[in-house]
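These are the residues of each chain, in order.
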Amino acid sequence: MVPDREPPMANKLRNVPFLLVALTVPSCGGGDDLDAPIPGMPPVASAPKDLDGQVKVAFEACAVCHGTSGHGDGPGAASLNPKPRTFADVAWQDAVTDEHIQKTIVFGGAAVGKSPMMPANPQFKDQKDVLAGLVKIVRGFKGK
Ligand code: HEC
């Protein structure tokens, strides 16, 4: 018996007008005009998209293990072995490069010869500003 292909085909065709609308609508709005100055409004200096807020939210996930003060005493650290070091450690801060910290964050502990319990965060690979912000937070705990 020949399978009746009609209904699926009809369903696909019914989606075509919708797809065309979905594809054309964004370009009607002018595409990347989100950063364009609003007429009558003073231009916002460099218009950062609340980078600090983004970095803060990103670090909240780190703080689960690393602690809000970077001492490696977050609630998630209790069962970890080895535990996350304290970022206050001056000797460690001086021994590692920003690149090493970035690599640890993006690729995880296992990628730098550390505990695989330090998770990879591939989402930050293309969010260089957030990644740099996280490194800055880690650096900020030095000696604290
Ligand atoms: C599930 C717990 C956990 C989370 C979440 C976590 N880490 Fe870690 N992290 C660890 C552990 C455990 C280590 C220690 C690895 C070791 O010393 O072998 C570590 C180590 C590190 C190190 C030190 C690497 C080194 O060379 O000693 C840095 C920097 C770091 N984490 C940054 C972060 C940042 C930034 C985040 C958030 C994006 C984060 N971590 C999220 C568990 C975690």
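Residues numbered from 1 in each chain as written. Predicted model: local features only at pLDDT ≥ 70, side-chain atom pairs only at ≥ 80, totals over all residues.

A closer look at the site of the ligand
Near the ligand, the surroundings consist of 25 residues, among which C62, C65, K114, S115 and M118 are the closest. Of all elements in the fold, only helix 2 (51-66), helix 4 (98-107) and helix 5 (128-140) reach the threshold of two or more residues within the shell around the ligand. If you tally residues by element for the shell around the ligand, the top one is helix 2, at 6 residues. Within the shell around the ligand, the residues separate by chemical class into 17 nonpolar, 6 polar and 2 charged. (Near = placed C-beta within 6 Å. Helix = DSSP H or I, 4+ residues; strand = E, 2+ residues; numbered from the N terminus. Nonpolar A, V, L, I, M, F, W, Y, C, P; charged D, E, K, R; others polar.)

Some thoughts on unusual backbone geometry
In this structure, P82 follows N81 across a cis peptide bond, with omega equal to 5°. Tracing the backbone shows P82 in the loop between helix 2 and helix 3 (90-95).

Description of the environment of G74
Here G74 shows up in the loop between helix 2 and helix 3. Owing to 21 C-beta atoms within 10 Å, G74 belongs among the buried residues under this scheme. Linking G74 and C62, residues 12 residues apart in sequence, is a C-alpha distance of 8.7 Å. Those residues in contact with G74 that sit more than four places away from it in its chain are A63, V64, C65, H66 and G67. (Buried ≥ 20, exposed ≤ 12 C-beta atoms within 10 Å, placed from the backbone. Contact = placed C-beta atoms within 7 Å.)

By themselves, these observations are geometric and do not establish any function.
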